Amino acid sequence: MPAANPEVQEETFEQIKANSNVVQEQAAQEKISYKQPVSKRKIAKKFLLAMGGVAVSSILLFLILSLYNKIREGFVTPEGIGEKEETMLETPDNTVDAVRTFLDKTKY
């Protein structure tokens, strides 16, 4: 491994040192400006606007889905209404009624 030339190393070290001094001087000359704080009133206003948007979109979705369900009920008629008795949700009294209810619900 050849020995490094001390003159070259010293020269590059001096260049790095000079460059860092230039950067530090430029930073000192430039005045760093910070973002101004936002008032509580503006924050509250933005929050209320966001919550208003949520409320409006929720109401709009509710109305659209309600209208959709009403239109769908008009076009689509449920099958089997009036043809069969609706199965009661009462507990059967005996085994025969339990089996009959099971067969009706599962259409077995």
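(A) Layout of the overall build of the protein chain. Within the protein chain, the secondary structure is distributed over 3 helices and 0 strands. Ordered by position from N to C terminus, the α and β elements of the protein chain give α-α-α. Classification of the 108 residues of the protein chain by burial places 0% in the buried group.

(B) Here's a closer look at the pattern of salt bridges. A complete count under the given rule lists 1 salt bridge for this structure. Across the pair Asp97 and Arg100 runs a salt bridge whose closest N-O atoms are separated by 3.5 Å. You can see Asp97 and its partner Arg100 sitting in helix α3 (residues 95-106), 3 residues apart, about one turn around the helix. For Asp97, a relative accessible area of 30% gives the class partly exposed.

(C) Structural view of a nonpolar patch on the surface. Together, Phe47, Leu48, Met51 and Val54 give the surface a local cluster of nonpolar side chains, amounting to about 410 Å² of exposed area. Inspection of the secondary structure assignment puts Val54 in helix α2 (residues 40-75). We classify Val54 as partly exposed; its relative accessible area is 45%.

(D) Up close: α3. Taking 1.5 Å of rise per residue, 12 residues should cover 16 Å, and α3 covers 16 Å from first to last C-alpha, within 8% of that figure. Note on α3: the residue one or two positions beyond its end, Lys107, has a positive phi of about 50 degrees.

(E) Representation of α2 within the structure. Here α2 spans 53 Å end to end across 36 residues, near enough to the 52 Å set by a 1.5 Å rise per residue. Counting buried positions along α2 yields 0 of 36 residues, so the element is predominantly exposed.

(F) Quick peek at the confidence of the model for the protein chain. Overall, the predicted model of the protein chain reaches an average pLDDT of 78, with 69% of residues at or above 70. Of all the helices and strands in the protein chain, helix α1 (residues 6-29) carries the lowest mean pLDDT, 67, while α2 carries the highest, 93.

So, how was this worked out
- Residues numbered from 1 in each chain as written.
- Predicted model: local features only at pLDDT ≥ 70, side-chain atom pairs only at ≥ 80, totals over all residues.
- Heavy atoms only, no water.
- Helix = DSSP H or I, 4+ residues; strand = E, 2+ residues; numbered from the N terminus.
- Buried < 20%, exposed > 50% of the residue type's maximum accessible area, 1.4 Å probe, protein only.
- Salt bridge = Lys/Arg side-chain N within 4 Å of Asp/Glu carboxyl O.
- Patch = residues over 30% accessible without salt bridge, like charges linked within 9 Å, V, L, I, M, F, W, Y side chains within 5 Å.
- Areas by Shrake-Rupley, 256 points an atom, 1.4 Å probe, with all protein chains shown as cover.
- Expected span 1.5 Å × (residues − 1).
- pLDDT = per-residue confidence, 0-100.

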